[in-house]
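Here is what each chain is made of, one letter per residue.
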Amino acid sequence: MSHRTIHLFNRGLRLHDNPTLVAALESSAAMYPVFLLDRAFMEGSVRMGALRWRFILQSLEDLHHSLQRLGSRLYVIQGSHEAVLRRLVAQWGITQLSFDDEVEPHYKQLDKELRTLASELSLSVLSCVAHSLYDVKRIIKANSGQPPLTYKKFLRVLSVLGEPDTPAREITETDFQKCPTPGDEEGEEPYKVPSLSELGFEVEYEVLWPGGESHALKRLEKHFQSQGWVANFSKPRTIPNSLLPSTTGLSPYLSLGCLSVRTFYHRLSKVYAQSKNHSLPPVSLQGQVLWREFFYTVASATPNFTRMVGNPICLQIDWYEDPQALHKWKMGQTGFPWIDAIMTQLRQEGWVHHLARHAVACFLTRGDLWISWEKGMKVFEEYLLDADYSLNAGNWMWLSASAFFHRYTRIFCPIRFGRRTDPDGHYLRKYLPVLKNFPSKYIYEPWTAPEHVQHQSGCIIGKDYPLPMVNHLEASQRNLALMKELRIEQENTADLTRDMADDPMEVGVKRKLPEDTIAQRDATEYNSSVPVGNKRCSSPDESSWTPDPVRLPEMSSKVV
DNA sequence: ACAAGGTTGTTCAA
DNA sequence: TTGAACAACCTTGT
């Protein structure tokens, strides 16, 4: 069968390990590689900022050049999938559509629409799994229809399935000689990759993460030169505030499919085979891509995975609505340099270390601000080059102790956590230049610096840099109590339901609160309805908190 | 009913 | 620096 095929790139912006494109080439006499820049579709599911758009456009340019080197090209077309495809199918005499199989809801919806259209236009459809190591449906099937909800269990299921498929064969010039890409009568111009400004975006920050398969492969090779580092990689030991990424920095490329996860995985297997004591999941590099797979699997089988309401695995929490506090967090104006530096790096560069993400996520949700993880997830979606439907939501639920992770008493301290690995605050000085002359002693909690030190450093706290928006010790303890209370309530609700089933008359009697719990409730009752920012500062044993409540205009963020 | 296990805390002593 | 103690929990497996 010799088709005239449109290969639709969505993610999977690469030529290496591209099983769908290989199969399409082998079954066709003419191949049109197309990227359909359908903004309604792309922006319908996530809110992408300029950094992310820049990364995508660069990746498209790169893909276009790689295809050109093989005698082909990339057609980039703006418009809705349906309208554009109807036109092109007629114009180019298309008989087949090919695109990668995907699992996320918006892609599944698109998949459905494309198949409907294909059926109407009598087109063949060709689709392979290329974005994940496994077909996640297989994983769920192997776990008797349920997604495994812990990583260990997930690994156990995988061990039954065996190793993931090896990468697809390389695509060469010969493929495009046998199956050439015809030109279009309208020439090159209408099909070029648009510029960022044509899309209405502007970025003032330099490119630290150039998009595209070539850069992905270069980065991959660079890391594999240090085989020992690759083999012994242990995630928790990497440093969140190093000035250059202490991890591989491959996530943006994996996210957009500029790098194939299978290629990465099997390259790692080779290194491990030659190494005596390589690290293992969950902390190893392979462990990292398996985490990715884990979240893809759970997300694919969980309704409303990116939301709290209607999400069966997500703890239902009455988070505060506090747009001003959220805005301070997003803009790096919390008054905690460690938090603000991370958020600044995020907005400027589009990437921060995983543990840094933990720190700011914990701070926003269960740690300090008690703001919904969905809000934070959306901010990450806007800026993070590697933001991904399943991973982003999964990690936010994790960090907010809404799902997967439950030991909510482990709250990151926004002062000590960063100081451990960067006591002199080089990272803070880089991203918050206003603090660059502060002595190391005070830089993680600059509000504790005596006035003359602030003067000498050229930075007055409360004027040049904000006072901390919350008292961390108080806020975290209050939130912890809220979390405890919440869980007790849910337990009682469960009891109640059970009792009702047993004997409706006994309901009131069997509900119980342990005595210490009652004490907790009393102690926290006053706070439970008060936004974090409004709580006055009263903790007596607070060593690092500013003693002067008059100097806290930043505190009252809600009721003014 | 109860123990074990869960990617990645904090503190303090050597 | 590293390691042990402490650890305001929840789910799963026996």
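Treat the numbers as computed from the prediction; the structure is a model and nothing was measured.

## Some points on the protein's contact with DNA strand B
Point 1. Around DNA strand B, the structure places 18 residues, and the nearest of them are Lys152, Pro236, His354, Cys413 and Arg416.
Point 2. Counting only the atoms of DNA strand B that lie within 4 Å of the protein, the sugar and phosphate share comes to 45%.
Point 3. Between DNA strand B and the protein, one listed contact pairs a phosphate oxygen with a side-chain N or O atom of lysine 152 at 2.6 Å.
Point 4. Within the side chain of histidine 354, an N or O atom sits 3.0 Å from a base oxygen of DNA strand B.
Point 5. The set of elements that each furnish at least two residues to the surface near DNA strand B consists of α7 (151–161), α16 (354–367) and α19 (416–421).
Point 6. Taken together, the residues of the surface near DNA strand B sort by class into 10 nonpolar, two polar and six charged.

## Some thoughts on the packing of aromatic side chains
Point 1. Going through the model one piece at a time under the given rule, you end up with 33 aromatic pairs.
Point 2. Between tryptophan 92 and tyrosine 191 the ring centres are 6.2 Å apart and the planes differ by 50°, which places this aromatic pair in the tilted class. Of this pair, tryptophan 92 sits in helix α4 (residues 81–92) while tyrosine 191 sits in the loop between α8 (173–178) and α9 (213–224), and the two are 99 residues apart along the sequence. Grouping residues by exposure puts tryptophan 92 and tyrosine 191 together as buried.
Point 3. These aromatic residues form a ring-pair network of at least three members: Tyr151, Phe154, Trp291, Phe294, Phe295, Trp398, Phe404 and Phe405.
Point 4. One residue, arginine 39, lies across the ring of tryptophan 53, its end atom 5.4 Å from the ring centre.
Point 5. Here the guanidinium or amino end of arginine 267 rests over the ring plane of phenylalanine 224, the centre of that ring lying 4.6 Å away.

## Description of the state of the cysteines
Point 1. According to the stated counting rule, one finds zero disulfides in the structure shown.
Point 2. Counting only cysteine sulfurs, cysteine 128 is the nearest neighbor of cysteine 258, a cysteine outside any disulfide, at a range of 19 Å.
Point 3. There is no disulfide at cysteine 314, and the cysteine sulfur nearest it, in cysteine 362, is 16 Å away.

## Considerations on the protein's contact with DNA strand C
Point 1. Taken together, 10 residues surround DNA strand C, and among them His406, Thr409, Arg410, Leu480 and Arg487 come closest.
Point 2. Considering the 4 Å shell around the protein, atoms of DNA strand C inside it are sugar or phosphate in 57% of instances.
Point 3. Separating a base nitrogen of DNA strand C from a side-chain N or O atom of arginine 410 is a distance of 3.2 Å.
Point 4. Within the surface near DNA strand C, the residues separate by chemical class into two nonpolar, three polar and five charged.

## Comments concerning the UniProt feature "domain: Photolyase/cryptochrome alpha/beta" (unreviewed entry) in chain A
Point 1. Mapped onto this structure's residue numbering, the UniProt feature "domain: Photolyase/cryptochrome alpha/beta" (unreviewed entry) falls at residues 3–133.
Point 2. Helix makes up 48% of residues 3–133 and strand 21%. Its end C-alpha atoms lie 28 Å apart.

## Structural notes on the side chain of arginine 262
Point 1. Here arginine 262 lies in helix α12 (residues 261–273).
Point 2. Buried charge without a salt bridge: arginine 262, with aspartate 17 as the nearest opposite-charge side chain at an N-O distance of 4.6 Å.
Point 3. A distance of 3.4 Å separates a polar atom in the side chain of arginine 262 from the backbone oxygen of leucine 133.
Point 4. For arginine 262, the contacting residues outside a window of four places in its chain are Asp17, Pro19, Val129, Ala130, Ser132, Leu133, Asp165 and Pro167.

## Description of the UniProt feature "site: Electron transfer via tryptophanyl radical" (unreviewed entry) in chain A
Point 1. What UniProt calls "site: Electron transfer via tryptophanyl radical" (unreviewed entry) maps, in this numbering, to Trp319, Trp373 and Trp396. These annotated residues cover 78 residues of sequence, and their C-alpha atoms lie no more than 13.9 Å from one another, placing them together at a single site.
Point 2. Note on placement: tryptophan 319 falls in the loop between α13 (285–300) and α14 (323–330).
Point 3. When neighbours within four sequence positions are excluded, tryptophan 319 is seen to be in contact with Met308, Thr365, Arg366, Trp370, Ile371, Ser372, Trp373, Ser400 and Ser402.

## A few points about the side chain of arginine 357
Point 1. As for its position among the elements, arginine 357 is in helix α16.
Point 2. We classify arginine 357 as buried; its relative accessible area is 14%.
Point 3. Residues in contact with arginine 357, not counting those within four places in the same chain, are Trp351, Val352, Phe380, Leu384 and Asp386.

## A few points about α12
Point 1. With 13 residues, α12 extends 18 Å between its outermost C-alpha atoms, agreeing within 8% with the 18 Å of an ideal straight helix rising 1.5 Å per residue.
Point 2. Within the sequence span of α12, burial applies to Val261, Arg262, Thr263, Phe264, Tyr265, His266, Leu268, Val271 and Tyr272.
Point 3. With a side-chain oxygen lying 3.1 Å from the backbone nitrogen of arginine 262, the N-terminal cap of α12 falls on serine 260.

## A closer look at the nonpolar core
Point 1. With 168 residues, the main nonpolar core has Ile6, Trp92, Phe264 and Trp329 as its most contacted residues.
Point 2. Ignoring sequence-local partners within four residues, the contact set of isoleucine 6 consists of Tyr32, Val34, Leu85, Leu88, Trp92, Ile94, Gln96, Leu97 and Ser98.

## A closer look at the packing of helix α15 (residues 337–349) against α16
Point 1. Interhelical geometry of α15 versus α16 gives an angle of 115° and a closest axis separation of 10 Å. Viewed along their axes, α15 and α16 form a crossing whose handedness is left-handed. Here Trp338, Ile339, Ile342 and Met343 of α15 lie close against α16, whose contacting residues are Ala356, Ala359, Val360 and Phe363.

## As for unusual backbone geometry
Point 1. Residues proline 281 and proline 282 are joined by a peptide bond in cis, for which omega reads 10°.
Point 2. Structurally, the position occupied by proline 282 is in the loop between α12 and α13.
Point 3. Although it is not a glycine, aspartate 17 sits at a positive phi angle of roughly 35°.
Point 4. Overall, the relative accessible area of 2% leaves aspartate 17 in the buried class.

## Topic: the environment of glycine 310
Point 1. Mapped onto the fold, glycine 310 is located in the loop between α13 and α14.
Point 2. Note on glycine 310: relative accessible area 47%, which makes it partly exposed.
Point 3. The residues touching glycine 310, leaving out its near neighbours within four places in the chain, are Pro303 and Asn304.

## Structural notes on the domain arrangement of chain A
Accessible area lost during the coming together of the parts is what is often quoted as the interface size.
Point 1. Each assigned domain of chain A is listed with its residue range as follows: domain 1 (1–131), domain 2 (132–165 + 215–301) and domain 3 (323–500).
Point 2. Residue-level contacts link 22 residues of domain 2 with 24 residues of domain 3.
Point 3. When the two sides are added together, the surface that domain 2 and domain 3 hide from each other amounts to roughly 1,900 Å², 69% of it contributed by carbon and sulfur.
Point 4. When the area that domain 2 buries against domain 3 is broken down by residue, the three leading residues are Pro240, Asn241 and Phe295, summing to 36%.

Conventions adopted
Residues numbered from 1 in each chain as written. Chains lettered and ligands numbered in written order. Predicted model: local features only at pLDDT ≥ 70, side-chain atom pairs only at ≥ 80, totals over all residues. Heavy atoms only, no water. Near = heavy atom within 4 Å. Polar contact = N/O pair within 3.5 Å; in protein donor to acceptor, adjacent residues only side chain to side chain. Helix = DSSP H or I, 4+ residues; strand = E, 2+ residues; numbered from the N terminus. Nonpolar A, V, L, I, M, F, W, Y, C, P; charged D, E, K, R; others polar. Phe/Tyr/Trp six-rings, centres within 6.5 Å; stacked < 30°, edge-to-face > 60°. Buried < 20%, exposed > 50% of the residue type's maximum accessible area, 1.4 Å probe, protein only. Lys NZ or Arg CZ within 6 Å of the ring centre and 35° of its normal. Disulfide = S-S within 2.5 Å. UniProt positions renumbered as here; feature names shortened; annotations may be inferred. Lys, Arg positive; Asp, Glu negative; His and termini not counted. Salt bridge = Lys/Arg side-chain N within 4 Å of Asp/Glu carboxyl O. Contact = heavy atoms within 4.5 Å. Expected span 1.5 Å × (residues − 1). Core = buried A, V, L, I, M, F, W, Y, C linked by side-chain atoms within 4.5 Å. Axes fitted to C-alpha atoms, helices over the stretch in contact; angles between N-to-C directions. Left-handed = near helix turned anticlockwise from the far one by under 90°. Domains from an automatic or database assignment. Buried area = accessible area lost by both parts, 1.4 Å probe.

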